[in-house]
Every structure is written in C-alpha cells, then in structure tokens.
Amino acid sequence: MKSKINVYVFYASQKGKDIIDRCLQNAHYLELKGMEKKLERFKTRALQDQPDILIIENNPTDSSLMPVLEHLSHAGLKCIVFSESNNSDQILTAFRMGAREFLIEGPQLEQSFKDAIIRLTEQRLDPQNKKAHRIALIGAKGGVGVSHLSVNLAWTLSHTFHQQTLLVDLDTSGAKDAFMLDLTPEKTFLEFASKDSHTHLSMAYQLLTHVSPNFSLLPLPENPADIENITAEQVQTVLDNLDSHHDIILLDLSHHLHELTLLGMDSARSLLLLIDPTVISVKAGIQKIQLMEKMGYDRNNIHAVINRFDRKQALGPQQLVKTLGVPVFEWLPNDEKRLTQAENTGKPVYYTYPGCKYAKKIDQIADKLLETTT
Ligand SMILES: Nc1ncnc2c1ncn2[C@@H]1O[C@H](COP(=O)(O)OP(=O)(O)OP(=O)(O)O)[C@@H](O)[C@H]1O
Ligand SMILES: [Mg+2]
C-alpha cells in the first residue's frame, strides 16, 4: 500500500524551481519523483511513470508548453500550473488545456499549494450513505501515550489505509495534537460555540484544519477558560455534522472524567484504553473498564492497548493480562528515541520511521479496527 503522493515537476526558471522546492518541503506527505527542465523529457517521463500530481511552471514565451499540458491532462494526469503572473488570459488558457489548479506566486502560495494538493487527492464520499466509525482513545491515567497513538493512528488510517479520517482533540487538560503535527489551527470548537445555532449546520466542515490528504484535525481551544464555554451539546452537534464527511473519527480524550470526556466515550462505537505496564496504571485501567460497563459499553468494544510494555521494571505480559481481566488488543513497544524525535520535528513517528516497531504496531491496530467496522 502506498502512503505518499508522488509528484513530478517541470520548471522553466531557477526562481520557479526554488519556489516549488519551498512548497514541497512543507508538504511532507509528498514524494518528489523528479524535477525536469526539458519539456519533452518531462512529458515522456510523466506519461511513463504516471505520478499522482504534476506541477508545471508556466512559461508564456514557450509555445509548446500548453500543448504538453493538454496532452498530459487528456492522459488523465492531474496538473497544477504554477505562475509568477496573474494574467487572466494565461489562467484561462491553462484551464482550457486541462489544468486542475492554477497557483500564483505570493505570500499565500504555500497554503494554496497545500489546499490544492488536498483538493486533488481527497477521496470524495457519498454524504447520503456515510456514517463515520467513531473511536475514542483514552488513557487509564495521564501521560500514557494517548496523543501519540491518536496522531499516528490518524496518519496511517488516512495515508496507508486511505480512510477519510478526522482527529478530534477533545483533551480538556491541554489539547496538543496540533503541536505534535507542528500546526497552529486557525479554527477550533470555539468558533462554533461563538456562533448562533442557525449557522451551525453549514459551518462544522469549515472548522477543520486539513493536515494532509484524507486527514483533518479539529481541536479544542488552547485556553482553559475558553474550553469552559464549550458544551457537550455543541461538540455532539459538530460530530454529528461531520459524520457524513468521514470514514473514521478519532477522539483524543483526557483521562479526567470531564463532561466532554464522557460525551466522547458515550458517542464512540469503540474505545481504545491505553495502559502502561505499571501497577497504578493497571488499577486505573480496571476502574475505567468498570465505569464504561456501567455506561452501557459492550466489553467487546473496549480494546485495551498496553503501551511501552518492554520498558524496564514493567509488569510482565502474563501478569498484565491476568490483572486486567480483559484481552489485550495490541502491545506497543517503548521507543523513547523515535517518539521524542517525532515530537521535536512535528511529524508522526509513522511518517519518519514507517518501518519501526512502533509504526508496525500502529498499522496492526488500524487494520484490526477496520476489520471491526466491516
Ligand atoms: N511507546 C512509547 N515509547 C516511548 N515513549 C512514549 C511512548 N508513548 C508515549 N511516550 C512518551 O510519553 C509521553 C506522553 O505521551 P502522550 O502525550 O502521547 O500521552 P497522553 O496520554 O496523551 O498524555 P496526556 O495525559 O498529557 O494527554 C511523551 O513524552 C511521549 O514521548
Ligand atoms: Mg494527550
């Protein structure tokens, strides 16, 4: 299965090449397959390799460029034309020749570039028939690795398994999924809470921050005082409105039993309970399982995940299973080096080290969760 989007570039000038390079560096889900200055060679290789996206620098002085664009578009390739000029005749000609997007150099270019890639690669869902599978993620106690699991799981579900995935950061004690992805979302639940209910239906989708194709994020605001103004009812309305746009909605919850945590647990179809292999964490995990059962959760939908199970001085696997009293859904290894590096670079572990043990286990969790949805 492919997890990155292949891109092939034609550039007409050194300046254009530098600008395209800059855009590519900030879109880490893209894989640059080549940059070509010779138009004929670009055309031949593009037709041969069939990359997901072609980026073409416009060059109005080269009369052979538009026929090449037309040829490649007719061959089914998705072309983004990039230009330093906003000349309307050139824009119109490019669209007539089959360009799917036309980007103009300026301060908004990098954002427009990301948005264009997302528009071109996003799966379109049939809103009539869609109801997302909601999965809540909660820790037995604080700091057991819920946010890392949430971000990495969202990444693999969207990239490797091509699921339209929404990650909702409902951690009332400090939403930090955006930090982990090196993003500063412009919109949060606060924008929704501040509008009157008549506009609610149309605005839920506009709150999303698009992380990469098929992967969006919606967080609580950072300020604790703002969080207090957001009600469970509002969150429920947003989730209900976003169901039809997604295959999977992941809810990153606080381990504290706040009103929004309970809503998240209550509204999810399955639940991942993260536990680390210590006596305190296992005891807290058992308490949470009992609470969930009181809330009417079917035991079969509570999936215990043991994180950092190979850490020194941890409880052994048999001891854990026996004490916990529920089957263990998956075991995640301890990998401080890679997780710390992921935090520092603002990229999921899965992105930087797709072959590491932690990433492979995330794949297995995603695979098993998808099995339970069918
Ligand atoms: N498998 C792992 N191996 C090594 N370190 C890990 C692992 N999982 C998580 N950590 C580390 O544990 C710390 C807490 O992780 P994370 O923020 O994901 O937990 P959390 O349960 O979301 O915490 P909080 O309760 O604050 O929301 C981080 O510093 C992270 O690097
Ligand atoms: Mg967290």
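The residue count restarts for each chain, going from 1 along the sequence in the order it is written. Chain letters start at A and ligand numbers start at 1, both assigned in the order the entries are written. Given that this is a predicted model, residues contribute local features only at a pLDDT of at least 70 and side-chain atom pairs are listed and counted only at 80 or more, while totals for whole chains, interfaces and linings are drawn from all residues. Processing note: side-chain calculations cover all non-hydrogen atoms of the structure and skip hydrogens and water entirely.

(A) Up close: the overall build of the protein chain. Under the DSSP-based scheme used, a helix requires at least four consecutive residues in state H or I and a strand at least two consecutive residues in state E, with every element numbered from the N terminus. When helices and strands are counted, the protein chain shows 17 helices and 13 strands. A compact globule built from 374 residues should have a C-alpha radius of gyration of about 21 Å, and the protein chain, at 23 Å, falls within 12% of that. Taken along its principal axes, the extent of the C-alpha atoms in the protein chain is 75 × 50 × 35 Å. The contact criterion used is simple: two residues touch if any of their non-hydrogen atoms lie within 4.5 Å. Within the protein chain, counting contacts between residues at least 6 apart in sequence, those at least 24 apart form 76% of the total. Shrake-Rupley sampling with a 1.4 Å probe provides the accessible areas, and residues are treated as covered by the protein chains on show and by no other component. Taken as a whole, the protein chain presents about 17400 Å² of accessible surface, with 48% of it coming from carbon and sulfur. Counted as positive: Lys and Arg. Counted as negative: Asp and Glu. His and the chain ends are not counted at all. Taken as the charge centre is NZ of Lys, CZ of Arg, CG of Asp or CD of Glu, depending on the residue. Of the charged side chains in the protein chain, 40 are positive and 46 negative; the average position of the first set lies 7 Å away from that of the second. Within these notes, the globule rule equals 2.2 Å times the number of residues to the 0.38 power, and the radius of gyration is based on C-alpha atoms.

(B) Representation of the packing of helix α2 (residues 39-49) against helix α3 (residues 65-74) within the structure. Fitted lines through C-alpha atoms give the axes, limited to the stretch in contact for helices. The angle between two N-to-C directions lies from 0 to 180 degrees. Following both chains from N to C, one finds α2 and α3 inclined at 0°, their axes separated by 11 Å at the closest point. The orientation of α2 with respect to α3, classified from their angle, is roughly parallel. Within the contact between the two elements, α2 uses Leu39, Glu40, Phe42, Lys43, Ala46 and Leu47 and α3 uses Leu65, Val68, His71 and Leu72. In this scheme, roughly parallel covers angles under 35 degrees and roughly antiparallel covers those over 145, while 65 to 115 is roughly perpendicular and the rest are oblique.

(C) Examining the domain arrangement of the protein chain more closely. Segmenting the protein chain into domains produces domain 1 (5-121) and domain 2 (133-373). For every domain, the bounds stem from an assignment made automatically or drawn from a database. The C-alpha-based centres of domain 1 and domain 2 are spaced at 36 Å. The term buried area means the drop in 1.4 Å probe accessible area that two parts suffer when joined, counted for both and summed. Here domain 1 packs against domain 2, burying approximately 680 Å² in sum over the two surfaces, 73% of which is carbon and sulfur. What makes a salt bridge here is a side-chain nitrogen of Lys or Arg within 4 Å of a carboxyl oxygen of Asp or Glu, nothing more. Between domain 1 and domain 2 we count zero salt bridges in total. Counted as a polar contact is a pair of N or O atoms within 3.5 Å, where, for protein atoms, one must be capable of donating a hydrogen and the other of accepting one, and residues adjacent in sequence contribute only when both atoms are in side chains. Linking domain 1 with domain 2 are zero residue pairs in polar contact (both at pLDDT 80 or more). Counting residues per element, the side of domain 1 that touches domain 2 draws most heavily on helix α5 (residues 109-121), at three residues. Only Asp, Glu, Lys and Arg are considered charged, only Ala, Val, Leu, Ile, Met, Phe, Trp, Tyr, Cys and Pro nonpolar, and every remaining residue, Gly among them, polar. In terms of residue class, the side of domain 1 that touches domain 2 is built from four nonpolar, two polar and no charged.

(D) Structural context of the side chain of His303. Structurally, His303 is set in strand β12 (residues 302-307). Here His303 is in contact with Ser270, Leu271, Leu272, Leu273, Phe329 and Leu369, once residues within four sequence places are set aside.

(E) Layout of the packing of aromatic side chains. Aromatic pairs are defined between Phe, Tyr and Trp rings, using the six-membered ring for Trp, whenever the two ring centres lie within 6.5 Å; interplanar angles under 30 degrees are classed as stacked, those over 60 as edge-to-face, and all others as tilted. What the rule picks out here adds up to six aromatic pairs. Seen in terms of ring centroids, Phe10 and Phe42 are 5.6 Å apart; in terms of plane orientation they differ by 50°. Their pairing is tilted. Linking Phe10 in strand β1 (residues 5-10) with Phe42 in helix α2, this pair joins segments that are 32 residues apart in sequence. Each residue gets one of three labels from its accessible area relative to the maximum for its type: buried under 20%, exposed over 50%, partly exposed in between, using a 1.4 Å probe on protein chains only. Its relative accessible area of 0% is what places Phe42 among the buried residues. Look at Phe309 and Trp331: their rings are 5.5 Å apart centre to centre, the planes differ by 65°, and that puts the pair in the edge-to-face class. Highlighted residues: Phe309 in the loop between β12 and α14 (317-324) and Trp331 in strand β13 (residues 328-332), separated in sequence by 22 residues. Pairwise contacts between aromatic rings join Tyr8, Phe10 and Phe42 into one cluster. Whether a charge sits over a ring depends on NZ of Lys or CZ of Arg being within 6 Å of the ring centre and within 35 degrees of the ring normal. Its guanidinium or amino end placed over the ring of Phe329, Lys368 lies 5.2 Å from that ring's centre, counting from NZ or CZ.

(F) Examining the state of the cysteines more closely. In this description, a disulfide is simply a cysteine sulfur pair whose atoms lie within 2.5 Å. Within the structure shown, the criterion is met by zero disulfides. Here Cys79 is not disulfide-linked; the sulfur of Cys23 is the nearest cysteine sulfur, at 17 Å. Since its relative accessible area comes to 0%, Cys79 is described here as buried.

(G) Structural detail: the pairing of strand β7 (residues 165-170). For β7, the buried fraction is high: six of the six residues fall into the buried class. Here β7 shows no split at all, with Thr165, Leu167 and Asp169 on one side and Leu166, Val168 and Leu170 on the other all buried. Judged from the five bridges that link them, β7 and strand β9 (residues 215-219) form a sheet pairing that is parallel. Its bridge partner lying in β9, Val168 is registered against Leu218. If DSSP finds at least two bridges between two strands, the strands pair. As paired elements, β7 and strand β10 (residues 248-253) share six bridges and run parallel to each other. When the bridges of β10 are listed, Asp169 appears paired with Asp252.

(H) Up close: the pattern of salt bridges. Evaluated as defined, the whole model comprises 14 salt bridges. Arg22 is the partner of Glu110 in a salt bridge, and the nearest nitrogen-oxygen pair spans 2.8 Å. One end of the pair, Glu110, is in helix α5; the other, Arg22, is in helix α1 (residues 14-25), with 88 residues separating them in the sequence. With a relative accessible area of 25%, Glu110 lands in the partly exposed category. Residue Arg22 is classed as partly exposed on the basis of its relative accessible area, which comes to 34%.

(I) Local environment of the sheet that holds β13. Read across the open sheet, the eight strands follow the order β8-β9-β7-β10-β6-β11-β12-β13; overall the sheet is mixed. Each having just a single partner strand, β8 (209-212) and β13 make up the two edges of the open sheet. For this sheet the average axis-to-axis angle between neighbouring strands, irrespective of direction, equals 25°. Here five bridges tie strand β6 (residues 133-139) to β10, and the two strands are oriented parallel to one another. Residue pairing for β10: Leu137 is matched across the bridge by Asp252. Helix-sheet contacts for helix α12 (residues 259-267) involve β6, β7, β10 and β11 (270-275), and the interaxial angle to β10 is about 145°. Running over the sheet, α14 touches β11, β12 and β13 and is turned about 145° from β13.

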